[in-house]
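Breakdown of the fold
Single-letter residue listing:
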Amino acid sequence: MRGAPCRPDVLMRPCLRPCARLPRLPLPQSSRLPSTLLSTSSCQRTLPGRAGFSSLASLESRPNDRTSSSPPALRPLSSSLLLPTTNARVLVPVTPVPTRRRHNSTTATSKMPIERRAIEVEKRIAAIPLERYRNFCIVAHIDHGKSTLSDRLLEHTGTIVAGDGNKQVLDKLDVERERGITVKAQTCTMIYKHKEDGLDYLLHLVDTPGHVDFRAEVTRSYSSCSGALLLVDASQGVQAQTVANFYLAFAQGLSLVPVVNKIDMASADVPRVLEQLETVFELDTSTAVKVSAKTGQGVGEILPAVIKKMPAPVGDAKKPLRMLLVDSWYDTFKGVVLLVRLFDGTLKQGDKVYSYATGNEYIVGEVGIQYPDAVPQKVLRAGQVGYVFFNPGMKRIQDAKLGDTFTNVGCEDIVEPCPGFEEPKPMVFVAAFPTNQDDYGRLADSISHLVLNDRSVTLQKDYSEALGAGWRLGFLGSLHCSVFQDRLRQEHGASIIITEPAVPTKIVWSTGQEEIVTNPAEFPDPDDHRIRSATLYEPFVNATVTLPEEYVGRCIEICENARGVQKSLEFFTATQVILKYELPAASLVDDLFGKLKGATKGYATLDYEDAGWRQAQLVKLNLLVNKKAVDAVARIVHVSQVERLGRQWVTKFKEHVDRQMFEVIIQAAAGRRIVARETIKPFRKDVLAKLHASDITRRRKLLEKQKAGRKRLRAVGNVIIDQSAFQKFLSK
Ligand SMILES: Nc1nc2c(ncn2[C@@H]2O[C@H](COP(=O)(O)OP(=O)(O)OP(=O)(O)O)[C@@H](O)[C@H]2O)c(=O)[nH]1
């Protein structure tokens, strides 16, 4: 593994930790990557997320109890792609509304006063030398049990009280609990007394999200880790995201401990999974840990393996501060709270620190650890992961730049800043509008707060004639977009209309100049003579589908229909196939994954990485109401989709538009060509006829009612359309 390719494009921190790890893992000398998964070109190319981004599609929601061996029920997913994000900006200054982070009442010493708890923990931590620190994360395919295992590890170390109440303790957001998925990586400090030597070890555990849309959270987590537990479900075996996560961790030089989970299940097949780990990753599985995160069986063997196989972090507490900003969130009273990893030096209240990204100086107000809730400490030392907030607090979210390095004031010229993180690149773009335009200001504040906690979202102002003032938001995938919407609703009580997700288009003008269009409204009209000589490109992905052999035929058909080009078909076990396709990214937002799941009884898993731009015959599809385009609905689509989508649009829109006093014509137009049409017949009866001329009070009441109602209405092509019609039309 020594010399395995580093991934500076994913997480640029080569100087912090040697890339040579996993010494016990026998890997082929030639490729240094498992031959079963080498792509046609080079191993560097095979690494997932080649351009700092890789993606998967997976479960959008799942039932709370997911113990059954049958494949989970599914919803489609997602996509991703590379785009410049320089023009993204946050629109409004922050007003103090906290992001809602759940506080657990199950912590082991929660009945103890916080000060006593802090002192006790502090005393134990102070006695632990850096050689006895271990920072690690759990990575796995979605639903393989990362959060459940985290619960057991927290219990095992006495960080929380063992009991039935511990259900995904580190999934702190409401949306995570509701959907049963991890969205944010969460760090927790644990103190573990090793049975072998009777000594205390300081462990920092990061529970990472499994879904591809939150891959940026995973890659960021690696910056504070030197190892990872590669968790595999004993009944499902290696899945697409296991593969992707393995390569990400491998590329970061993390020491891997294979863990086979769910061994309590009747359908568990441990030998098969071990064989897969050996053949697919060429991992030495003789030391793999077999556990049931549900029952706790075997969990006691994990931490000794972590201590044995993973190296302690490298750092020097005596050197000046060198601190990396890993995550941040907003607290009403404290301002912006930063999650940091100290590489060198120490940090305590009253210290003056300097930010390399902004040049700002701050005075430390409080430092502490997540244990799993915030526990204040007097000092944080090199190797630790903890939180810090300043006094006076950091108020502007723009000042907390993830990947930023902080040092002591006066040391900025002698300390080498950490290389930081690559900006996540949005792939899916939507327009968002308040359901009620009066809420614009409040919603802008709420969005700013969420963006602080989720830096993968990009934000620009937008305006639609049909829906009013709003924003154009960029996400890493459809699930990411849908989770953001849920968080807005749950944490800020906001209600918004979101347009259909769409991928960007690249236009290369005849002059050679390139332009990337994320807003279809900005795509040139067919009358624009320049577009006729321009070349259009759409984003493509390299997709990897794993599936049981019996469904191969049907899946190939689906991929071909999605304009996919097959790259390879390999058996990675006797019955499991890895199918590789080059696919338009648009097919992913068009529910390709849902179709694959449907065709395989839910067994297919999909992983993909950006494959760059491909020339394509694209056209702008408009929805016209009485000859006037509804700007919020326009999309850039491949010519082969025009008829199907156009028909779908007009039929669906007709269902939601009320009848008017005159005829309403709904059309779908590709450029100048009308591809579908529906007509709504006018009303025939005169509603005014029922009003009694002398009844002034009734007339006034009616007028007031009409006035209030009009607020919700928008005029397009002389047709009055209720806002809820757009909402219904845009919802799937
Ligand atoms: N039978 C059994 N079920 C388990 C075990 N570990 C986890 N589960 C169940 O598997 C489901 C998924 O567990 P999670 O811990 O949420 O999985 P995850 O990997 O954190 O999921 P994401 O973070 O969304 O990727 C839950 O219903 C758990 O109860 C186990 O050892 N045995």
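Owing to the predicted nature of the structure, the values given are computational and were not obtained by experimental measurement.

With respect to the overall build of the protein
Per the secondary structure count, the protein includes 17 helices and 33 strands. A buried classification covers 60% of the 732 residues belonging to the protein. By sequence separation, contacts in the protein at least 24 residues apart represent 74% of the contacts at least 6 residues apart. Counting only carbon and sulfur atoms, one obtains 51% of the accessible surface of the protein, whose full area is about 29300 Å².

Regarding the confidence of the model for the protein
The predicted model of the protein averages 77 in pLDDT, with 76% of residues at 70 or higher. In this model residues 1–109 is a low-confidence stretch, pLDDT under 50, and it forms 356 contacts with partners more than four residues away in sequence or in other chains. Here the prediction assigns the complex a pTM of 0.69, and the interface score ipTM is 0.98.

A look at the nonpolar core
Within the largest apolar cluster, 43 residues are counted, with the highest numbers of intra-cluster contacts made by L338, L347, V388, F390 and F406. Mapped by element, the contributors of at least two residues to this core are helix 2 (114–126), strand 8 (322–331), strand 9 (335–344), strand 12 (361–370) and strand 15 (385–390). The leading source of residues in this core is strand 9, at 7 residues. Among all residues touching F390, those that are not within four sequence positions of it are K334, L338, V353, Y362, I363, V364, G365 and F406. Of all hydrophobic cores here, the second largest spans 31 residues; its members include V243, F246, V260 and V280.

Digging into the side chain of K620
Relative to the assigned elements, K620 resides in strand 27 (residues 618–625). One polar contact links the side chain of K620 to the main-chain carbonyl oxygen of P520, over a distance of 3.2 Å. Here the side chain of K620 touches F523 through a polar contact of 3.3 Å, landing on its backbone oxygen. In contact with K620, not counting residues within four places along its chain, are P520, A521, F523, D525, A634, R635, I636, A669, A670 and G671.

Structural notes on the packing of helix 9 (residues 440–453) against helix 10 (residues 478–492)
Put simply, helix 9 and helix 10 touch, their axes get as near as 10 Å, and they point 115 degrees apart. The handedness of the crossing between helix 9 and helix 10 is right-handed. Every residue of helix 10 that contacts helix 9 at R442, L443, S446, I447, H449, L450, V451 and N453 is listed here: F484, R487, L488, E491 and H492.

Details of the packing of aromatic side chains
A full pass over the atoms with the stated rule returns 11 aromatic pairs. Measuring from ring centre to ring centre gives 5.5 Å for Y354 and Y356, while their planes differ by 80 degrees; the resulting arrangement is edge-to-face. With relative accessibility at 22%, the residue Y356 sits in the partly exposed group. A ring pair is formed by Y387 and F389, whose centres lie 6.4 Å apart and whose planes are at 5 degrees; its orientation type is stacked. In this structure F389 comes out as buried when scored by relative accessible area, which is 11%. Linked through ring pairs, F246, Y247, F250 and F281 together constitute an aromatic cluster. Lying across the ring of Y537, K506 places its NZ or CZ 5.3 Å from the centre. Across the ring face of W509, the terminal group of R530 is positioned such that the distance to the ring centre comes to 4.1 Å.

Here's the deal with unusual backbone geometry
The residue after Y371, namely P372, is reached through a cis peptide bond having omega -10 degrees. Assignment of secondary structure puts P372 in the loop between strand 12 and strand 13 (374–377). Of note, the amide linkage connecting N391 to P392 takes the cis form, showing an omega dihedral of 0 degrees. You can see P392 is positioned in the loop between strand 15 and strand 16 (405–408). With phi around 70 degrees, D591 is a residue other than glycine that occupies positive phi space.

Section: the environment of S224
Note on placement: S224 falls in the loop between helix 5 (215–222) and strand 5 (227–233). Distance from S224 to L342, taken between C-alpha atoms, is 8.7 Å for residues 118 residues apart in sequence. If near-sequence neighbours (up to four positions away) are discounted, S224 is found in contact with N135, V206, R341 and V385.

Here's the deal with the sheet that holds strand 7 (residues 289–290)
One open sheet holds the 6 strands; their spatial order is 3-4-2-5-6-7, and the pairing between them is mixed. Here the strands that pair on one side only, and so sit at the sheet edges, are strand 3 (186–193) and strand 7. Alignment of strand 2 (residues 133–140) against strand 4 (residues 200–207), held across 6 bridges, turns out to be parallel. In the strand pairing of strand 4, Y133 is matched with L202. Together, strand 2, strand 3, strand 4 and strand 5 form the strand contacts of helix 3 (residues 146–156), whose direction differs from that of strand 2 by roughly 150 degrees.

Considering the pattern of salt bridges
Within the structure shown, the criterion is met by 18 salt bridges. Put simply, R272 and D269 hold a salt bridge, and the shortest N to O gap is 3.8 Å. A relative accessible area of 26% means that R272 is categorised as partly exposed. Given a relative accessible area of 30%, D269 falls into the partly exposed group. Two residues, D351 and K348, come together in a salt bridge whose shortest N-O distance is 3.3 Å.

Analysis parameters
Residues numbered from 1 in each chain as written. Predicted model: local features only at pLDDT ≥ 70, side-chain atom pairs only at ≥ 80, totals over all residues. Heavy atoms only, no water. Helix = DSSP H or I, 4+ residues; strand = E, 2+ residues; numbered from the N terminus. Buried < 20%, exposed > 50% of the residue type's maximum accessible area, 1.4 Å probe, protein only. Contact = heavy atoms within 4.5 Å. Areas by Shrake-Rupley, 256 points an atom, 1.4 Å probe, with all protein chains shown as cover. pLDDT = per-residue confidence, 0-100. Core = buried A, V, L, I, M, F, W, Y, C linked by side-chain atoms within 4.5 Å. Polar contact = N/O pair within 3.5 Å; in protein donor to acceptor, adjacent residues only side chain to side chain. Axes fitted to C-alpha atoms, helices over the stretch in contact; angles between N-to-C directions. Left-handed = near helix turned anticlockwise from the far one by under 90°. Phe/Tyr/Trp six-rings, centres within 6.5 Å; stacked < 30°, edge-to-face > 60°. Lys NZ or Arg CZ within 6 Å of the ring centre and 35° of its normal. Pairing = 2+ DSSP bridges. Salt bridge = Lys/Arg side-chain N within 4 Å of Asp/Glu carboxyl O.

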